[in-house]
Amino acid sequence: MKKIKLIVLFIVFLSVQSVSGQIVPPPAPPPPPPGLPVDGGIVFLLISGLFYGVKKLKQ
């Protein structure tokens, strides 16, 4: 009987250690905010490309 109690105690001890030893993954990062504004550099590139194309078409 004492041997069975010792085995049960050992199994319970191992199960507690395996449950508390698990690694919790880090939380997911927050999503980017919706509706981000267009960068001013992109607008400048589009306008300069438009002027460059008009200049090339006139030549």
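I will try to describe carefully the structure that is included in this document.

Reading the values: rules and limits
- Residues numbered from 1 in each chain as written.
- Predicted model: local features only at pLDDT ≥ 70, side-chain atom pairs only at ≥ 80, totals over all residues.
- Heavy atoms only, no water.
- Helix = DSSP H or I, 4+ residues; strand = E, 2+ residues; numbered from the N terminus.
- Buried < 20%, exposed > 50% of the residue type's maximum accessible area, 1.4 Å probe, protein only.
- Areas by Shrake-Rupley, 256 points an atom, 1.4 Å probe, with all protein chains shown as cover.
- Patch = residues over 30% accessible without salt bridge, like charges linked within 9 Å, V, L, I, M, F, W, Y side chains within 5 Å.
- Salt bridge = Lys/Arg side-chain N within 4 Å of Asp/Glu carboxyl O.

The next point concerns the overall build of the protein chain. Secondary structure summary: the protein chain contains two helices and zero strands in total. A total of 59 residues make up the protein chain; the buried ones form 0% of that total. For the protein chain, the exposed surface amounts to about 6200 Å²; the carbon and sulfur share of it is 77%.

A few words now on a nonpolar patch on the surface. A surface patch of nonpolar side chains, amounting to about 520 Å² of accessible area, comprises I7, F10, I11, F13 and L14. Relative to the helices and strands, F10 is located in helix α1 (residues 2-20). Residue F10 is classed as exposed on the basis of its relative accessible area, which comes to 52%.

Fair warning: the whole summary comes from geometry, so function is off the table for now.
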